[in-house]
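Close look at the chain arrangement
The residues making up each chain are set out below.
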Amino acid sequence: MGKNRKIAGDRKAQRSRDLRKKEKRGHEQNTINYQEYLFSWKERIQMIVQYLIISGGFAYLFYRSWIVFVVFCTGYPIYRARKKRQLIHKRQDVLCRQFKDSIQCAASAMAAGYSIENAFREAYAEMKMQYGSDALMTEELRYMNSCLSLNIPLEQLLYDFAKRSGLEDVQSFCEVFVFAKRSGGDFIQIIHMTASRISEKQELMESIQTEISGKRMEQKLMNLMPLFILVYVDVSFQGYLDGMYHNPTGIFIMTICLTAYLGAYLLSEKIMSIRI
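How each quantity is defined
- Residues numbered from 1 in each chain as written.
- Predicted model: local features only at pLDDT ≥ 70, side-chain atom pairs only at ≥ 80, totals over all residues.
- Heavy atoms only, no water.
- Phe/Tyr/Trp six-rings, centres within 6.5 Å; stacked < 30°, edge-to-face > 60°.
- Helix = DSSP H or I, 4+ residues; strand = E, 2+ residues; numbered from the N terminus.
- Lys NZ or Arg CZ within 6 Å of the ring centre and 35° of its normal.
- Core = buried A, V, L, I, M, F, W, Y, C linked by side-chain atoms within 4.5 Å.
- Buried < 20%, exposed > 50% of the residue type's maximum accessible area, 1.4 Å probe, protein only.
- Contact = heavy atoms within 4.5 Å.
- Salt bridge = Lys/Arg side-chain N within 4 Å of Asp/Glu carboxyl O.
- Expected span 1.5 Å × (residues − 1).
- Axes fitted to C-alpha atoms, helices over the stretch in contact; angles between N-to-C directions.
- Parallel < 35°, antiparallel > 145°, perpendicular 65-115°, else oblique.
- Left-handed = near helix turned anticlockwise from the far one by under 90°.
- Nonpolar A, V, L, I, M, F, W, Y, C, P; charged D, E, K, R; others polar.
- Arc of directions from axis to C-beta.
- Polar contact = N/O pair within 3.5 Å; in protein donor to acceptor, adjacent residues only side chain to side chain.

1. Some points on the packing of aromatic side chains
A complete count under the given rule lists 11 aromatic pairs for this structure. Taking 5.9 Å as the distance between ring centres and 90° as the angle between the ring planes, the aromatic pair formed by Trp66 and Phe69 counts as edge-to-face. Taken together, the residues span about one helical turn, with Trp66 and Phe69 both in helix α3 (residues 66-73) at a distance of three residues. Measuring from centroid to centroid gives 6.5 Å for Tyr232 and Phe237, while their planes differ by 85°, and the two rings are edge-to-face. In textbook terms, an aromatic cluster arises when at least three aromatic residues are bridged by ring pairs, as seen for Tyr51, Tyr76 and Tyr79. The ring of Trp41 is capped by Arg44, whose NZ or CZ atom sits 4.9 Å from the centre of that ring.

2. Overview of the nonpolar core
By size, the foremost hydrophobic cluster in this structure holds 42 residues, and its most contacted members are Phe99, Phe120, Leu141, Leu158, Phe161, Phe173 and Phe177. Broken down by secondary-structure element, the contributors of at least two residues to this core are α4 (76-111), α5 (116-131), α6 (136-149), α7 (154-165), α8 (168-183) and α9 (187-211). Looking at this core element by element, the count peaks at nine residues for α4. Excluding residues that lie within four positions of it along the chain, Phe161 makes contacts with Tyr34, Leu95, Phe99, Met137, Glu140, Met144 and Val170.

3. Comments concerning the pattern of salt bridges
Within this structure, the stated rule accounts for 11 salt bridges. In this structure, Glu269 engages Arg82 in a salt bridge whose closest nitrogen and oxygen atoms are separated by 3.8 Å. Residue Glu269 is found in helix α11 (residues 248-272), and its partner Arg82 is found in helix α4; the two are separated by 187 residues along the sequence. For Glu269, a relative accessible area of 25% gives the class partly exposed. Through salt bridges with shared partners, one network takes in Arg64, Asp234 and Asp242.

4. Here we look at unusual backbone geometry
Positive phi is not limited to glycine here, since Arg64 has a value of about 50°. Looking at the element boundaries, Arg64 is found in the loop between α2 (41-62) and α3. You can call Arg64 partly exposed: its relative accessible area is 23%.

5. Brief notes about α11
For α11, which comprises 25 residues, the first-to-last C-alpha distance of 36 Å matches the rise-based estimate of 36 Å (1.5 Å per residue) to within 8%. Gly250, Met254, Leu258, Tyr261, Ser268 and Met272 are the residues of α11 that are buried. Looking at the buried positions of α11, the neighbouring elements they touch are α2, α3 and α10 (213-236).

6. Describing the environment of Lys83
Checked against the element boundaries, Lys83 lands in helix α4. Under the relative-accessibility criterion, Lys83 is labelled partly exposed at 27%. The spacing of Lys83 and Met47 is 36 residues in sequence and 8.5 Å in space, taken between C-alpha atoms. Residues within four places of Lys83 in sequence aside, it is in contact with Phe39, Met47 and Gln50.

7. Examining the packing of α2 against α10
Two elements in contact, α2 and α10, have axes separated by 11 Å at closest approach and are oriented at 55°. By the angle between their axes, α2 is oblique relative to α10. Every pair of crossing elements has a handedness; the one defined by α2 and α10 is left-handed. For the pair formed by α2 and α10, the contact residues are Phe58, Tyr60, Leu61 and Phe62 on the first element and Leu227, Leu230, Val231 and Asp234 on the second. Here the residues of the contact of α2 with α10 sort into seven nonpolar, no polar and one charged.

8. Quick word on α3
What α3 keeps buried is the set Val68, Phe69 and Phe72. Along the long axis of α3, the arc covered by the buried residues comes to 105°, so they all point the same way. Exposed residues on α3 whose side chains face more than 90 degrees from its buried face are Trp66, Ile67 and Val70. Against the buried residues of α3 lie α2, α4 and α11. In this structure Ser65 caps α3, since a side-chain oxygen of it lies 3.2 Å from the backbone nitrogen of Ile67.

9. Things to note about the packing of α6 against α7
For the pair α6 and α7, the least separation of the axes is 10 Å and the interaxial angle reads 150°. Between α6 and α7, the crossing angle belongs to the class labelled roughly antiparallel. Crossing handedness for the pair α6 and α7: right-handed. Contacts between α6 and α7 pair Met137, Glu140, Tyr143, Met144, Cys147 and Leu148 from the former with Leu154, Leu157, Leu158, Asp160, Phe161 and Arg164 from the latter. Within the contact of α6 with α7, the residues separate by chemical class into nine nonpolar, no polar and three charged.

Dropping the structure here:
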């Protein structure tokens, strides 16, 4: 009888361990790698349509050839990779702002007497009220709290988040925070220093963006101006540009013009894409 009870107890303990492992694996699968971006089907369709329109416009204005349009379509992976990089940077900027607010909420909770783990639970409630349940940092705090309930160390969760975020400020904070937790330190002061540094960088970035906003508008106008000129000449003076199409000399000249235009566009984008 006692042996049967022992066997039943061992099976129950094993099922409990298996359940915890499944929960851990489920949580790991739900985490986000902020250095990657997975497009939804809607975003993929939108990108394909946008690229087809852009490729068709350039093929018509510079070559008026279906063959060139097909050749341009092969450049879609480059357009997709560029779009992906822009979306990654945009999402990381949002994550950085929300991270600053979340650690400030945690610091306020610790100042009120909460332990470190409970402070992050309170930060989750504050972030949920401030940003909603679907916000990036709200989801991260929900994941951390779920893992804490499974007795996963907070240090491990912070290291994992810092690795996935790809943000230098988050990685620096997590390294200092984990070191202070192991050796003892003023957590509130560490959090305030990190939040202050992030705020200063964000204010500097906003100031730079304000200063160059006028130049950015000029850049967009100058990027569109050559195309508008081609459209205007083609519509107003029909047949004027016919000599530039379907002959070796015209194709050569238009290829040089297109190369110069794309080079100027990429250069202006690089100059305006300031990141701190």
